[in-house]
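# A closer look at the structure
Here are the chains, one letter per residue:
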Amino acid sequence: MAQQAIRAACILLLLSSLICAASAGKTRGKPTAAQDKQLRARREECQKNAACANLTSHVDNCVLRCVSPVCYTDIFGVEELEEGEVDGTRTRKFNSCARKEIAEMEKNKKLKGKKT
């Protein structure tokens, strides 16, 4: 009886630790609300940017290029969006790239803060 109770407790402990480890792993690499907020703020700032605000066409390309020149070149550089075109796949790739860029910048800021 005691052995069965110990065995059951060990199994429950093992399962709970696996569940905790799995749930902890799921959050890694996913965008945080802070990164999404920074991405929206960048986009809004770029939309107000005089260079993009004064355009009558290709505003989307200008805004995307302003938000992240590196990600824009990687995702849209070869084939820019046409006026009014919506490309969900490339937009998701761009957003993912820009979020990673923001996360990397945050990480670098934290590292610089620790060094000083």
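Residues numbered from 1 in each chain as written. Predicted model: local features only at pLDDT ≥ 70, side-chain atom pairs only at ≥ 80, totals over all residues. Heavy atoms only, no water.

Turning to the packing of aromatic side chains, a few remarks are in order. Per the counting criterion, the structure on display carries two aromatic pairs. On the basis of an interplanar angle of 50° and a centroid distance of 6.0 Å, the ring pair of F76 and F94 is categorised as tilted. Highlighted residues: F76 in helix 5 (residues 69-76) and F94 in helix 6 (residues 88-115), separated in sequence by 18 residues. For the pair formed by F76 and F94, the shared burial category is buried. (Phe/Tyr/Trp six-rings, centres within 6.5 Å; stacked < 30°, edge-to-face > 60°. Helix = DSSP H or I, 4+ residues; strand = E, 2+ residues; numbered from the N terminus. Buried < 20%, exposed > 50% of the residue type's maximum accessible area, 1.4 Å probe, protein only.)

With that out of the way, let us pick up the confidence of the model for the chain. In this model, the chain carries a mean pLDDT of 79, and residues with pLDDT of at least 70 account for 72%. Of the regions scoring below 50 in pLDDT, residues 20-27 engages in zero contacts with residues more than four places distant in sequence or in other chains. (pLDDT = per-residue confidence, 0-100. Contact = heavy atoms within 4.5 Å.)

The contact between helix 4 (residues 59-67) and helix 5 brings their axes to 5 Å, and the two run at 125°. When the axes of helix 4 and helix 5 are compared, the pair comes out oblique. Of the residues in helix 5, those in contact with N61, L64, R65, C66 and V67 of helix 4 are P69, Y72 and F76. Looking at the contact of helix 4 with helix 5 residue by residue, the class counts come to six nonpolar, one polar and one charged. (Axes fitted to C-alpha atoms, helices over the stretch in contact; angles between N-to-C directions. Parallel < 35°, antiparallel > 145°, perpendicular 65-115°, else oblique. Nonpolar A, V, L, I, M, F, W, Y, C, P; charged D, E, K, R; others polar.)

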